[in-house]
Amino acid sequence: KTPSTWAAIPGGTLYTKKDLVVPGPVPDVTAGVPNVVTFSASTGGTAVTADVTLTAQASALQANLRGPQGDIRVDRPVYLSAAGSIDPDDPLGVKPLGITWQCTRSDFPTPCFSTAATGTQSGLNWTIPPNSLGIGVPHTIVASIFRTNANGAPVGTPVATPAVTFTPKPAATPTGRVRRVCGSGNCPIRHSAENDLALTLVPDTGSDVASVAWSSQQITNLAGASAFDLVIPSAQLPGG
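Notes on the structure in this doc start here. (Residues numbered from 1 in each chain as written. Predicted model: local features only at pLDDT ≥ 70, side-chain atom pairs only at ≥ 80, totals over all residues. Heavy atoms only, no water.)

**Let's talk about the overall build of the protein chain**
Okay, so step 1: Within the protein chain one finds zero helices and 13 strands.
Okay, so step 2: In the protein chain, the succession of helices and strands from N to C terminus is β-β-β-β-β-β-β-β-β-β-β-β-β.
Okay, so step 3: A compact globule built from 240 residues should have a C-alpha radius of gyration of about 18 Å, whereas the protein chain, at 27 Å, is more than 25% larger.
Okay, so step 4: For the protein chain, the spread of C-alpha atoms along the principal axes amounts to about 95 × 50 × 30 Å.
Okay, so step 5: Here the protein chain holds 240 residues, and the buried ones make up 23% of them.
Okay, so step 6: Once local pairs closer than 6 in sequence are excluded, the contacts in the protein chain between residues at least 24 apart make up 56%.
Okay, so step 7: Of the roughly 15700 Å² that the protein chain leaves accessible, carbon and sulfur atoms contribute 54%. (Helix = DSSP H or I, 4+ residues; strand = E, 2+ residues; numbered from the N terminus. Rg over C-alpha atoms; globule rule 2.2 N^0.38 Å. Buried < 20%, exposed > 50% of the residue type's maximum accessible area, 1.4 Å probe, protein only. Contact = heavy atoms within 4.5 Å. Areas by Shrake-Rupley, 256 points an atom, 1.4 Å probe, with all protein chains shown as cover.)

Listed below in structure tokens is the structure:
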């Protein structure tokens, strides 16, 4: 290209400095599309040109998925969202990401849905209607995120999100969420292993919780813990 056709090269129609430095993010580039830069020099009346091909490489997509984990009530909708996924090359989200969804039951190949009514998919979100999933069978949801071109067609290799796994239960089954307790402020994203871990069970609206039992695959001495609130000493927390 020439300076007049590629915005990454400053100086208008002619750039005459010996060294060219383009600070990132480099404008006017598309991942996988080559850009040819021509260098010209003359000495003693002899002109010499050389072409250099520069091809931008796409950054890895950061695919994320939010959704329920554990037991859920079959009579309530399931909300899944991959809206937290990020394209580092498009931090403002100008170019929408595409998505495909995959639902797998633990008794595969039995399908997750017995009819074509699978809910509403809008953008990077999926809402599954109540009473549309099998009771007592774990369901695992994974989404694949990909870049799109101007026509909405996939570009590049899709990136899978972490999976969410939940098991629909009868409507009478009590459900809730386990939350960290961090005093009067918000909890940080990561918990320091140097501090005790305080947890509390918050029952969902309408759930009649008669008793509570805590368990952990990593911490084997939680047997007998039956209160809504639980504090695990830092010495018992697994590393990493």
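**A closer look at the packing of aromatic side chains**
Okay, so step 1: Going through the model one piece at a time under the given rule, you end up with two aromatic pairs.
Okay, so step 2: With a centroid separation of 5.4 Å and an interplanar angle of 55 degrees, the aromatic rings of Trp101 and Trp126 are classed as tilted. Placement of the pair is Trp101 in strand 5 (residues 98-105) and Trp126 in strand 7 (residues 125-128), with a sequence separation of 25 residues.
Okay, so step 3: Given a relative accessible area of 4%, Trp126 falls into the buried group. (Phe/Tyr/Trp six-rings, centres within 6.5 Å; stacked < 30°, edge-to-face > 60°.)

**Section: the nonpolar core**
Okay, so step 1: Core analysis: the biggest nonpolar cluster contains 21 residues, and Leu80, Trp101, Ile141 and Ile145 have the highest contact counts within it.
Okay, so step 2: Secondary-structure elements contributing two or more residues to this core are strand 4 (78-81), strand 5, strand 7, strand 8 (139-148) and strand 10 (164-169).
Okay, so step 3: Take this core: its biggest share by element is three residues, from strand 8.
Okay, so step 4: Each residue touching Trp101, except ones within four places of it in the same chain, is listed here: Leu65, Leu80, Ser81, Ala82, Gln121, Leu124, Asn125, Trp126, Ile141, Val142 and Ala143.
Okay, so step 5: Counting nine residues, the second-largest nonpolar core is a separate cluster that includes Leu197, Leu230, Ile232 and Leu237. (Core = buried A, V, L, I, M, F, W, Y, C linked by side-chain atoms within 4.5 Å.)

**Thoughts on unusual backbone geometry**
Okay, so step 1: A cis amide bond, omega 20 degrees, links Phe108 with the succeeding residue Pro109.
Okay, so step 2: Within the element layout of this structure, Pro109 appears in the loop between strand 5 and strand 6 (120-122).

**Observations regarding the pairing of strand 13 (residues 229-232)**
Okay, so step 1: The two faces of strand 13 differ: Leu230 and Ile232 on one face are buried, but Asp229 and Val231 on the other face are not.
Okay, so step 2: Alignment of strand 12 (residues 197-203) against strand 13, held across four bridges, turns out to be antiparallel. Bridging across to strand 13, Leu197 finds its partner in Ile232. (Pairing = 2+ DSSP bridges.)

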